[in-house]
Amino acid sequence: MHCVAVIAAVGQLTQAQAQFPQRPVTMIVGSAPGGGVDRTARVLAQKLTEYFHQPVIIENRAGAGTRLAGDVVAKSAADGLTLLFTTGESTIDLAFDPRATPNILQDFAPVSLVAICQMLLVVNSSTPVHSVQELLAQSRAMPGKLNYSTAGVKTTMHLVGALFTLRTGADIVHIPYKGTVPALSALVARDVDMTYTSLPSALPFIDGGKLRVLAVAGSARSPLMPDVPTMAQSGVEGVEANIWYGLLAPAGTPVEAVEALARAVKEVSRSPDYQQNLAAMGVEPAPTTPAAFADMLRDEVAKYSSIIKTAGIRAE
């Protein structure tokens, strides 16, 4: 009788796991509707809805960087039904402020990396500069005269720019703007000399012939721009950074629920229409295990903390 009871209990547990989730899932996005983060989240939500046969609902909670959305999820029931769709800004936030709440490393259960998009070094297409080495030569000839725009202090754009100057010794001035669009618009207008931005953000300007890509900041060339060299291939080692999107659950979420969500992300990432929809935005699927995503988050915080300290960047 005891063995029968155990077998029955295991069967019930397996069935419950297989049926997760049994109610709608809410995915909290820390940005306004319509942007690249929101659009990527909605593509994922649509495919997860099909996969789970349960609605996956997007709820936008923009404000305070990633903290407002993160706070909602961190305080939600740890049942896997409320998730945070976040970006690298959350690790940068903690790198700048170790007391940040919620804490990306402590208050969440990592589910999976979802997707990445390459960071690019771009210049105005009318400039005579066609390579990273030509840019560095220009910088050496005019120290302190060149500048780069970013979406603001404490952004990925800012820290990639700081990393580039650290690795090359180039004297290039940071010009922060209030958002990615103003930063790119300044480059199009030639108010600045260059910027570091994501492929999705720059793609319309590249396709329109207004911006030229000098290099990608990934470890390998982007399959979406195979003719563009990496920073390393351009002679600059150690400048690697991607814009990434990931999925987190509240800390304490059962392992079974976390693993079911990670499997779902991996499975939908194989879908051709999912891949095509992301590619149209300049984004690449990049699912991971929960453990691998947890390792990546720790590495990201450590990397950006080191850049901030070495470059002497203040969170102004």
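Residues numbered from 1 in each chain as written. Predicted model: local features only at pLDDT ≥ 70, side-chain atom pairs only at ≥ 80, totals over all residues. Heavy atoms only, no water.

Per the secondary structure count, the chain includes 11 helices and 10 strands. Whereas a compact globule of 316 residues would reach a radius of gyration of roughly 20 Å, the chain reaches 21 Å, a difference of no more than 12%. By principal-axis analysis of the C-alpha atoms, the chain measures approximately 85 × 40 × 30 Å. Sorting the 316 residues of the chain into buried and exposed places 49% on the buried side. Taking all contacts inside the chain whose residues are at least 6 apart in sequence as the whole, residues at least 24 apart take part in 78%. In the chain, the 24 positive side-chain charges and the 26 negative ones have mean positions that sit 4 Å from each other. (Helix = DSSP H or I, 4+ residues; strand = E, 2+ residues; numbered from the N terminus. Rg over C-alpha atoms; globule rule 2.2 N^0.38 Å. Buried < 20%, exposed > 50% of the residue type's maximum accessible area, 1.4 Å probe, protein only. Contact = heavy atoms within 4.5 Å. Lys, Arg positive; Asp, Glu negative; His and termini not counted. Charge placed at Lys NZ, Arg CZ, Asp CG, Glu CD.)

For the bond running from Thr-101 to Pro-102, omega is -5°, close enough to zero to count as cis. On the secondary structure map, Pro-102 appears in the loop between α4 (89-96) and β4 (108-124). Positive phi outside glycine occurs at His-53, with the angle close to 60°. Note on placement: His-53 falls in the loop between α2 (36-52) and β2 (56-60). The exposure class of His-53 is exposed, given its relative accessible area of 70%. Phi angles above zero are rare outside glycine, and Arg-190 is one such case at about 65°. Of note, Arg-190 is situated in the loop between α7 (180-188) and β7 (194-198). Residue classification places Arg-190 among the exposed positions, given a relative accessible area of 52%.

Moving on: the pairing of β7. The element β7 is extensively covered by neighbouring structure, given that 5 of its 5 residues are classed as buried. On β7, burial covers both faces: Met-194, Tyr-196 and Ser-198 on one face and Thr-195 and Thr-197 on the other are all buried. Both β4 and β7 contribute to a ladder of 5 bridges, which runs antiparallel. Residue pairing for β7: Val-122 is matched across the bridge by Thr-195. Taken together, the 2 bridges between strand β5 (residues 147-150) and β7 define a ladder with parallel strand orientation. Directly across from Tyr-148, in β7, lies its bridge partner Met-194. (Pairing = 2+ DSSP bridges.)

Our focus in this paragraph is the environment of Gly-144. Among the secondary structure elements, Gly-144 is positioned in the loop between α5 (132-141) and β5. The exposure class of Gly-144 is partly exposed, given its relative accessible area of 31%. C-alpha separation for the pair Gly-144 and Val-173, spaced 29 residues apart in sequence, amounts to 6.4 Å. Among all residues touching Gly-144, those that are not within four sequence positions of it are Asp-171 and Val-173.

Glancing now at the environment of Ala-62. With respect to the helices and strands, Ala-62 occurs in the loop between β2 and α3 (67-74). On the basis of relative accessible area, Ala-62 is assigned to the partly exposed category, the value being 44%. In this structure the C-alpha to C-alpha distance between Ala-62 and Pro-33, which are 29 residues apart in sequence, comes to 8.9 Å. Leaving out residues up to four positions away in the same chain, Ala-62 has contacts with Val-29, Gly-30, Ser-31, Ala-32 and Leu-68.

Positionally, Thr-155 belongs in the loop between β5 and α6 (156-168). By relative accessible area, Thr-155 is classed as buried at 13%. When neighbours within four sequence positions are excluded, Thr-155 is seen to be in contact with Glu-89, Ile-92 and Thr-150.

The next subject is the side chain of Glu-300. Along the polypeptide, Glu-300 turns up in helix α11 (residues 290-311). Aside from chain neighbours lying at most four places away, what touches Glu-300 is Thr-91 and Trp-244.

Turning next to the pattern of salt bridges. Per the counting criterion, the structure on display carries 13 salt bridges. We note a salt bridge from Asp-79 to Arg-23, for which the minimum N-O separation is 3.7 Å. Of the two residues, Asp-79 is situated in the loop between α3 and β3 (82-87) and Arg-23 in the loop between α1 (2-18) and β1 (25-29); the sequence distance between them amounts to 56 residues. Asp-79 sits in the partly exposed class, given a relative accessible area of 28%. Where Glu-300 meets Lys-303, a salt bridge forms, and the shortest distance between an N and an O atom there is 3.4 Å. You can see Glu-300 and its partner Lys-303 sitting in helix α11, 3 residues apart, about one turn around the helix. Accessibility expressed as a relative area gives 10% for Glu-300, which makes it buried. In this structure Lys-303 comes out as partly exposed when scored by relative accessible area, which is 26%. Because the salt bridges share partners, they merge into one network encompassing Arg-67, Asp-93, Asp-97, Arg-99 and Lys-154. (Salt bridge = Lys/Arg side-chain N within 4 Å of Asp/Glu carboxyl O.)

Keep in mind these numbers describe shape, not what the thing actually does.
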